[in-house]
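Below are the chains, spelled out letter by letter.
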Amino acid sequence: MDQVTRILPGESDAVLDPVRARMPEGFRRIGIGQGWWAMVGELDAKLAALDPDYSVRQVKADFGRLDYVTTTTVTGDDLVAFRAAVRAAEIASSRMCEACGAPGSSSVEGGWVGVYCEQHGGADVVTAT
Ligand SMILES: [Zn+2]
């Protein structure tokens, strides 16, 4: 995947609010670093094209990888495409610095597994709230 455009914290709402709006009220925390925000925004747009009413149960980083849990009512080829889009984003995240979106690799910092480029190495991750 190409490197994504970095989104600054002040710009995150425009990208992540459509995702938050799909989450249950009171459980709208998006626990991923800003390096992944643009990718998640793109994923939401792809999924919305397949199912405008799909819902999001959870968005977090889990063992250095995006965990994007959804519920959808689409079936057949659309469901195949829907699942493939989620899986592609989850796989892409495992090679994308969670701080800046640059190519990265999995590392362990203080017992926490994350994906970071050489520059970040586990520091400076701004997480959406
Ligand atoms: Zn980085």
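Keep in mind that this is a model prediction, so the values were computed, not measured.

Novice: Lay out the coordination of the zinc ion with the relevant residues and their values.
Specialist: Of the protein atoms, only C97 (SG), C100 (SG), C117 (SG) and H120 (ND1) coordinate the zinc ion, at distances of 2.0 to 2.4 Å. Read in sequence order, the donor residues coordinating the zinc ion give the pattern C-x2-C-x16-C-x2-H. Under the relative-accessibility criterion, C97 is labelled buried at 0%.

Novice: Give a detailed account of the pattern of salt bridges, specifying residues and quantitative values.
Specialist: Side chains bearing opposite charge may pair, as long as their charged atoms lie close to each other. Inspection of every chain in the model, using the stated rule, returns 4 salt bridges. Ionic pairing is found between D62 and K60, a salt bridge with its closest N-O pair at 3.5 Å. On the basis of relative accessibility, which here comes to 30%, the residue D62 falls in the partly exposed class. Residue D67 is joined to K60 by a salt bridge in which the shortest nitrogen-to-oxygen separation is 3.7 Å. The network of salt bridges with shared partners includes K60, D62 and D67.

Novice: Explain helix 2 (residues 37-50) to me, and be specific about the residues and the numbers.
Specialist: Counted at 1.5 Å a residue, the expected span for helix 2 with its 14 residues is 20 Å, and the 20 Å between its end C-alpha atoms agrees. Residues of helix 2 that are buried: W37, A38, M39, V40, G41, L43, D44 and L47. Looking at the buried positions of helix 2, the neighbouring elements they touch are helix 1 (12-20), strand 2 (66-71) and helix 3 (76-93).

Novice: For the packing of helix 2 against helix 3, give the residues involved together with the corresponding values.
Specialist: Running from N to C, helix 2 and helix 3 point in directions that differ by 175 degrees, and their axes come no closer than 9 Å. Overall, the two elements helix 2 and helix 3 adopt an arrangement that is roughly antiparallel. Every residue of helix 3 that contacts helix 2 at M39, L43, K46, L47 and L50 is listed here: D78, A81, F82, A85, V86, A89, A92 and S93. Split into classes, the residues belonging to the contact of helix 2 with helix 3 amount to 10 nonpolar, 1 polar and 2 charged.

Rules of the game
- Residues numbered from 1 in each chain as written.
- Predicted model: local features only at pLDDT ≥ 70, side-chain atom pairs only at ≥ 80, totals over all residues.
- Heavy atoms only, no water.
- Donors = N, O, S within 2.8 Å, 3.2 Å for Na, K, Ca; no water.
- Buried < 20%, exposed > 50% of the residue type's maximum accessible area, 1.4 Å probe, protein only.
- Salt bridge = Lys/Arg side-chain N within 4 Å of Asp/Glu carboxyl O.
- Helix = DSSP H or I, 4+ residues; strand = E, 2+ residues; numbered from the N terminus.
- Expected span 1.5 Å × (residues − 1).
- Contact = heavy atoms within 4.5 Å.
- Axes fitted to C-alpha atoms, helices over the stretch in contact; angles between N-to-C directions.
- Parallel < 35°, antiparallel > 145°, perpendicular 65-115°, else oblique.
- Nonpolar A, V, L, I, M, F, W, Y, C, P; charged D, E, K, R; others polar.

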